[in-house]
Amino acid sequence: MMYLNGQVLYEDRHFRDHMLSGVPVQIYHGKTHSDIGFIEYYGRDFVKVNNIFYSRKQFTFVSRPGY
């Protein structure tokens, strides 16, 4: 599945697609950039990027294909 640069990820399938395809994600806490990298794990409550677990409720995940 193709994702647009800047597209917000929120469904399990979004995280799965990015993890399996090796597409990087950018992570924001509010409007502040927190991290960028590849999804190592995702679950109902957390997404693991760069060996850090980010809460799906507290952070926003954005697709960054081509980064």
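Structure shown above.
These remarks concern the structure in this document. (Residues numbered from 1 in each chain as written. Predicted model: local features only at pLDDT ≥ 70, side-chain atom pairs only at ≥ 80, totals over all residues. Heavy atoms only, no water.)

Right, let's talk about the overall build of the protein chain for a bit. Scanning the protein chain from N- to C-terminus turns up 1 helix and 7 strands. Its helices and strands taken in sequence order, the protein chain reads β-α-β-β-β-β-β-β from the N to the C terminus. Over its C-alpha trace the protein chain gives a radius of gyration of 10 Å, about what one expects of a compact globule, namely 11 Å for 67 residues. Projected onto the principal axes, the alpha-carbon positions of the protein chain cover approximately 25 × 25 × 20 Å. Scored against the burial criterion, the 67 residues of the protein chain give a buried share of 40%. The long-range fraction of contacts in the protein chain, counting pairs at least 24 apart against all pairs at least 6 apart in sequence, stands at 45%. Accessible surface for the protein chain amounts to roughly 4400 Å². Of this, 53% is attributable to carbon and sulfur atoms. (Helix = DSSP H or I, 4+ residues; strand = E, 2+ residues; numbered from the N terminus. Rg over C-alpha atoms; globule rule 2.2 N^0.38 Å. Buried < 20%, exposed > 50% of the residue type's maximum accessible area, 1.4 Å probe, protein only. Contact = heavy atoms within 4.5 Å. Areas by Shrake-Rupley, 256 points an atom, 1.4 Å probe, with all protein chains shown as cover.)

Listed in full, the 11 residues of the largest apolar core are Tyr3, Leu9, Phe15, Val25, Ile27, Ile39, Val47, Val49, Tyr54, Phe59 and Phe61. Mapped by element, the contributors of at least two residues to this core are strand E2 (25-29) and strand E5 (46-49). Excluding residues within four positions of it along the chain, Phe15 makes contact with Leu9, Tyr10, Ile39, Tyr42, Val47, Arg56 and Phe61. (Core = buried A, V, L, I, M, F, W, Y, C linked by side-chain atoms within 4.5 Å.)

With that settled, consider a nonpolar patch on the surface. Judged by side-chain polarity, Tyr41, Phe46 and Phe53 come together as a nonpolar surface patch covering roughly 320 Å² of accessible area. Its place among the elements puts Phe53 in strand E6 (residues 52-55). (Patch = residues over 30% accessible without salt bridge, like charges linked within 9 Å, V, L, I, M, F, W, Y side chains within 5 Å. Salt bridge = Lys/Arg side-chain N within 4 Å of Asp/Glu carboxyl O.)

Before going further, it helps to spend a moment on unusual backbone geometry. Residue Asn50 is not a glycine yet carries a positive backbone phi of 55°. Tracing the backbone through its elements, the reader meets Asn50 in the loop between E5 and E6. Positive phi is not limited to glycine here, since Asn51 has a value of about 65°.

On to the sheet that holds E6. Strand order in this open sheet of 3 strands is E4-E5-E6, and the pairing throughout is antiparallel. In the strand order of this sheet, the two ends are held by strand E4 (39-42) and E6, each with one partner. Pairwise comparison of adjacent strand axes, ignoring direction, gives a mean angle of 25° for this sheet. The sheet strands contacting helix H1 (residues 12-21) are E4 and E5, and the helix crosses E4 at an angle near 150°. (Pairing = 2+ DSSP bridges. Axes fitted to C-alpha atoms, helices over the stretch in contact; angles between N-to-C directions.)

Fair warning: the whole summary comes from geometry, so function is off the table for now.
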